[in-house]
Structure formats: structure tokens, C-alpha cells
Amino acid sequence: MTTGGWIIMVLSIGFVTGLLVWSVYKVLTTPNETERMHGFEFETPDEKRERQPKQ
Amino acid sequence: MEPRKSSPGGVRILSNLPHMIEKKESWNSRLGVILAVSGSAVGLGNFLRFPGQAADFGGGAFMIAYFISFLLLGLPICWAEWAMGRHGGVRGFNSCPGILAAVSRKPYAKWLGIIGVIIPVVIYMYYVYIEAWCLGYAVQFLRGQMHFENVEESTGFWFKFIGIEENGSAVGFGWERVGAYLLLVFALNFILIYRGVARGIEWFCKYAMPALVVLAFIILIRVLTLGTPDPAYPDRNVVNGLGFMWNPVKYYVESYDPDTDVWSRDYEVMSDRQIRMARAEVQASPNLRLHRVGMTDQLRKPDLWLAAAGQIFFSLSVGFGIILTYSSYMGRNDDVVLSGLTAASANEFAEVGLGGLISLPAAVVFLGVAGLAGVGLGTFDVGFRVLPMVFGAMPAGNLFGFLFFFLLFLAAVTSSLSMLQPGIAFLEEALGIGRRQSVAILGLITGVGVLFVVYFSKNVKALDTLDFWVGTFLIFILATIEIMIFSWVLGIKKGLALAHDGASIRIPSYFGFIMKYVCPLFLLSIFTLWMLKNVLGFSFERGTAEVSGYWRDLFVEPDPVAWLCIAIILMIGIFSALVIASSSAYSRIESSEKEAAE
């Protein structure tokens, strides 16, 4: 590999790795992020119907 | 931490929009949705298509065009899809027709959204077939049955496995036939999709994605420590393999034939030392020359930009309608900007950081640059002709071959799951049916499609044709529609404000200009180049034109299989249109939006 190849490889992998690490760090350190992710309902419509007593 | 079953925000949104469809499902956690979207994006292309494209189109020069495309094309469309999907989701829409209509408030947008139903459903029909190849290869390596002396043998096995020589010859069961693996992966996909977005897709991706990364690192370490396995071929080593992939300036030794008055390429020179040796060699011989192709020479080629932009496009899964559906299961104040960036960067890491270091270096170590170039650098060439022979030849090859193809299998499952959810969401939303019925209907449609692709296996004609017209052509169309709706119909200020609702980070303001002007223009330029090259058969190198095989199969020398592929695409489109026409779900969009505004 030429010197130019090494430079391009290190810069490319460094960029994507840095971007991923920074993004994951921000996701994990932003306060109350997990709580903001909420669910409306955790059942499929079929399951909900089956769970409910028949009228 | 246990996620809440509901939130004040979610209840408020729905109570403000009384006519909206009740929201049914959502992701369990933020990391879950990021892993699911990353899983959708990370697929075979990261480990097989990307390295081949990069090496074929200039190595390091390709990477410059690749990153520019990432910033100007991939990331803007990605953010637009995340923001529009969530916006449609809080209004009760999870399918592309519903989301585009809700975002644009234009009734016609739901018809345009049909493309976002066709794309994932049709791609699933052939993607699950390739997924079965990966599982089949993993099992065969585990059984210790993959010993190939040369590429011809591994190619022969692949041809037989997928029935490339005769229609119908792929249909069959047994260890070395694709049938059983196909049934298995088809069932696995539908079991997971039946369990829903949180308990099916998210649950699987939470385990599969970390496992995929661990497997990739194990294989990466194996490849990078291969050294120079055959002393008889000192040039076949890992560093030269990396050079083939990453060198930004290409050097070729060419020889002159006085009879024909033509210089022909002998071999590519990989390292600084070899360049010095080659210079000395050509100085000693008048019939040899060292041809240098610089970065700017390569960046001037339209083919390179087409390849780089196309790779970004398909790799990030933008324009598939998948991100729209996935992000529609988020809440109004859930972050989409950082989540989108994280999912995109995870895909880029898997592609550049892992995929860029595994496939080609391993192949060069055992075949050499000339040998690899002779086989070809296409996705299937690298994945199913070269690498099986390479793993078979390396120490502990059965183990590493199994790990590699199992990695591909996991990557494929996380992607194929994402192709089913848009169809499921559309059927449930438009027909008002439950998960059981929607899974049954989609299972029937895709089952027929998969049988079609598997039966018409000769020269992978059905797969190739569907991939061209749906997996490439329609994706360009949908991506253009999406970015135009976000930037022009909704308006860039409103669009960015939408994206910033609940965002952990802000999109830099200059991206407004990029999303409104640069991205659509770039997209249209690439689409025009693609049409010129792949449909009209224009050669940018030679300046000649000859209609492509895909066009010829339809209009010059009509091929029945190619026309059947078009019929399948049209039937799914017409079916979707009839479903929309008969559904009351979309007719309420305008009135509800007015109420919300009041």
C-alpha cells in the first residue's frame, strides 16, 4: 500500500469511527433520553383483542 | 428501566386529533430503534458490494466522492425520512402513503407513497433468497463441506446451489440445495414480524447487531493476521490487499505492442517500494511504461460519482420507505436527529471500518490482484465465488467461513425484517385489520414472489430484473419525492423545525440549503447519469451508446421473465392503489389536519 493509501484508510476509518463514538456517547449521556422514548401499547392488535374478555 | 406504557405527550397528541387512527405500537427504547434502523441499513452491501465498488472505482478517490455523497445526499434524506416518519406516526400513520399524505397535506401524495410499499415488498422477494444462500453457505462451512481448489470449483458450487443454469433447478431440498434454507429464513422473518416492532424486530436486532459486530471483529483479526501465506507469491499479502482497496493514486505497468500500436495493462503496482522497482524496470525497457492515474483524473469520471452516490444510497437504506415506517413508531418528542445520525454512523462504521478491511484483503492474499480482478468485483462475485474458496484455503477456514457467512446471514435478516414492516403497516392501516391477517396477506404475496424468483433462476434473471427496476430505479424516484416533499412542499423551515422537536442535537443551519437545493440537484444529476448509463447504455469512457440489457429485455428482444417481473411490480402497485381507494383511513387526513391547526 502506498503512503497515500495509508492516509486515506486512516482518515476514512477514523472519521466513521469518530462519528459513531461521538453519536453513541451523546445518546448515552443525554439526560432522560430513555424515558423520552415511550410506548403507547406493547401488544399487537390481535393480542389485545384476545386478552380482553369477550362481551 | 421499564419503559412507560404511555406518556402524557402521547395521550395529548391523540386527544387533539380525535379522528386519527389510534396508535398501536412503538419501540421499547431509543437504542432499540437505533439498532433496528442500523440493522436495516447494514446488509450484504456493507461487506460485499462496498469493497468491490471502492476498488473498482479508484480506491481512495472513490472514498472522497463517497463521503461527499454521504454529507450531501445520504444524511439529508436520512434526516428528512426520520422527521417525516415520526410526524406521520404521531398522526396515526405508519405506511409510506399515509405518512407522505399527512406530512404534505396533499391527497395525491398517498398515491405517490405506493412506491414506498412496492419497494420493500418486492426487494424482500429476492433478498430473502440471497439470505438463504448465506445461511446455506454458513451451514455447509460448519459441516466442513466447502473445500475448493480454485475459483472455478467454488463458482460451480454456487451455480448449482442457486440453479443459475436452468429455470427450476434451484427448487429442491438437501444440504446443497437452497430450498430448506429458504423455508427456514422465510418462516423466521414472518415469526419475528408477527411479534411486532418491539418484541420482534427490536428484540432480534438488540442481539443480532452486537453479535454481528463481534463476528466482524473476529474475522477482521483473522484476515489482518494472514500475512503472506504463500512465499512463492510474495505480492499476495494483506498490505497489498489493503492497497488494492485504498490507494488513491493508481499505478499500472503497461506494455506496448508494436503490431497493434496499443499499450495494454499488465498489472497494478501496489506499494511505494514496488513503484520504485517498476520505475527502474520501465526505464530499462522501451516497450514498458508506468501509467499513473491520479485522484483528480479519477474524480473527473462520472462513473465514479455514480458508483459512490449509489453505494451511499443503498447502504443507508434511504429511499426504501423503511426509515419512514420505522420512525413512525416513535413519539412526538422522541429525538430523531441524533438517532438518525447514530444509525447512519453505525452503518458507515460497519461498511468502511469493517467491510472495507475484510473481503478484498482476504481475497488478494489468496488470489492476487490480477486473479481477483479476473473473477470480478461484483457483490456476488466477491461473496459467493471468491470468498468461499478463500476461506476454504485459509487455516481454520471452516470456522471462519461459517462465522463470515453467519455474519452475512444476521445482517441480511435484520434488513429483510425491515422490508416486511412497511407492507404490514400499510395493510393494517389501510384495511384496518390485525397483525394475524396482515401477516397472512403479506406472507401470501411475498411467498408467490419468492417462488417466482427461485423458479426463474436461470442467469438470476428474475432477481436481477427486479433489483434493477425496483431496487435501483424506484428508489431514486422515491428518494426524490421524499426530499422534495420535505424541502419544498412542507418547506425547509418547517421541515427542520419538525426534525428539531425533541432533538438532542440540532441539524447545522447550512443543511437547510443543502436539503433544499444541493440534495435534489445532486440526486437528479445522479439519476440522469444512471439513466444514461444503465438504461440507454451510454458509455462515459468511450462516448458511445447501446441500449442496456434491461431495456433490451423489455422493448428490443422481449424476454418473458423480464416482463413477468414488470407484471409483478404493476400488480403490487395496482393492489396497493385499490386498497387505498377503498380505505377510509386516508380521507380523514385533511379534515384532521385542519382541526389540529385550529
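Our subject is the structure that appears above.
Residues numbered from 1 in each chain as written. Chains lettered and ligands numbered in written order. Predicted model: local features only at pLDDT ≥ 70, side-chain atom pairs only at ≥ 80, totals over all residues. Heavy atoms only, no water.

Enquirer: Would you explain the overall build of chain B in this entry?
Expert: Helix and strand content of chain B: 25 helices and 3 strands. Here the C-alpha atoms of chain B give a radius of gyration of 25 Å, agreeing with the 25 Å that 2.2 N^0.38 yields for 598 residues. Projected onto its principal axes, the C-alpha positions of chain B cover 85 × 55 × 55 Å. When each of the 598 residues of chain B is scored for burial, the buried share is 62%. Of the contacts made within chain B by residues no fewer than 6 positions apart, 79% connect residues no fewer than 24 positions apart. For chain B, the distance from the average site of its 44 positive side-chain charges to the average site of its 45 negative ones is 10 Å. (Helix = DSSP H or I, 4+ residues; strand = E, 2+ residues; numbered from the N terminus. Rg over C-alpha atoms; globule rule 2.2 N^0.38 Å. Buried < 20%, exposed > 50% of the residue type's maximum accessible area, 1.4 Å probe, protein only. Contact = heavy atoms within 4.5 Å. Lys, Arg positive; Asp, Glu negative; His and termini not counted. Charge placed at Lys NZ, Arg CZ, Asp CG, Glu CD.)

Enquirer: Can you help me understand the packing of helix α3 (residues 44-56) of chain B against helix α16 (residues 337-375) of chain B in this one?
Expert: Two numbers describe a pair of packed helices, the interaxial angle and the distance between the axes. Residue and element names in this part refer to chain B. Direction vectors running N to C along α3 and α16 enclose 70°, while the axes themselves pass 8 Å from each other. With respect to α16, the element α3 is oriented roughly perpendicular. Here α3 and α16 pass one another in a crossing that is right-handed. On α16, the residues that touch Gly45, Asn46, Phe47, Leu48, Phe50, Pro51, Gly52 and Ala55 of α3 are Asn347, Ala350, Glu351, Val352, Leu354, Gly355, Gly356, Ser359 and Leu360. Of the residues assigned to the contact of α3 with α16, the class counts are 9 nonpolar, 7 polar and 1 charged. (Axes fitted to C-alpha atoms, helices over the stretch in contact; angles between N-to-C directions. Parallel < 35°, antiparallel > 145°, perpendicular 65-115°, else oblique. Left-handed = near helix turned anticlockwise from the far one by under 90°. Nonpolar A, V, L, I, M, F, W, Y, C, P; charged D, E, K, R; others polar.)

Enquirer: Looking at this structure, how should I read a nonpolar patch on the surface?
Expert: Where nonpolar side chains cluster on the molecular surface, the patch consists of Tyr108, Trp111, Leu112, Met484, Trp488, Val489, Phe513 and Tyr517 of chain B and spans about 770 Å² of accessible area. Residue assignment for the nonpolar patch shows that the elements contributing at least two residues are α6 (109-112), α20 (461-489) and α22 (510-535) of chain B. (Patch = residues over 30% accessible without salt bridge, like charges linked within 9 Å, V, L, I, M, F, W, Y side chains within 5 Å. Areas by Shrake-Rupley, 256 points an atom, 1.4 Å probe, with all protein chains shown as cover. Salt bridge = Lys/Arg side-chain N within 4 Å of Asp/Glu carboxyl O.)

Enquirer: When you look at the state of the cysteines in this model, what are you seeing that I'm missing?
Expert: Structurally, a disulfide amounts to a covalent bond that connects the sulfur atoms of two cysteines. By the definition in use, this model includes 0 disulfides over all chains. Among the cysteines around cysteine 78 of chain B, which has no disulfide bond, cysteine 519 of chain B carries the closest sulfur, lying 11 Å off. (Disulfide = S-S within 2.5 Å.)

Enquirer: What am I meant to see in the nonpolar core here?
Expert: One broad trend across soluble globular proteins is that nonpolar side chains are buried collectively. Residues and elements named next belong to chain B. Of all hydrophobic cores here, the largest spans 226 residues; its most connected members are Trp133, Trp246 and Phe313. With residues up to four places along the chain from it excluded, the contact list for tryptophan 133 reads Trp158, Phe161, Ile162, Val178, Phe380, Phe384 and Leu463. Counting 8 residues, the second largest nonpolar core, distinct from the first, contains Tyr251, Val269, Val282 and Leu288. (Core = buried A, V, L, I, M, F, W, Y, C linked by side-chain atoms within 4.5 Å.)

Enquirer: Quick question: what am I supposed to make of the packing of helix α10 (residues 196-224) of chain B against helix α18 (residues 397-431) of chain B here?
Expert: All names here are of chain B. α18 packs onto α10 with a crossing angle of 150° between their chain directions and a minimal axis gap of 9 Å. Taken together, the axis directions place α10 and α18 in an arrangement best described as roughly antiparallel. α18 is crossed by α10, and the crossing has left-handed handedness. In terms of residue class, the contact of α10 with α18 is made up of 21 nonpolar, 2 polar and 1 charged.

Enquirer: Could you clarify how one ought to interpret α16 of chain B in this entry?
Expert: Because each turn of an α-helix spans 3.6 residues, side chains separated by three or four positions end up pointing in the same direction. All names here are of chain B. Between the first and last C-alpha of α16 there are merely 42 Å, a value that for 39 residues lags more than 12% behind the 57 Å anticipated at 1.5 Å per step. Of all the bends in α16, the greatest, near 105°, is centred on glycine 368. Summarising burial for α16: 35 of the 39 residues are buried, a large majority. In the stretch just after α16, glycine 376 is the one whose phi turns positive, near 120°. (Expected span 1.5 Å × (residues − 1). Bend = angle between axes of the 7 residues up to and from the residue.)

Enquirer: Is there a simple way to explain the environment of aspartate 303 of chain B in this structure?
Expert: Residues and elements named next belong to chain B. Relative to the assigned elements, aspartate 303 resides in helix α14 (residues 302-315). For aspartate 303, a relative accessible area of 12% gives the class buried. In this structure, the C-alpha to C-alpha distance between aspartate 303 and glutamate 541, residues 238 residues apart in sequence, is 8.6 Å. Contact partners of aspartate 303, with chain neighbours within four places excluded, come to Phe57, Lys533, Phe540 and Glu541. Only 3.3 Å separates the side chain of aspartate 303 from the side chain of lysine 533, close enough to count as a polar contact. (Polar contact = N/O pair within 3.5 Å; in protein donor to acceptor, adjacent residues only side chain to side chain.)

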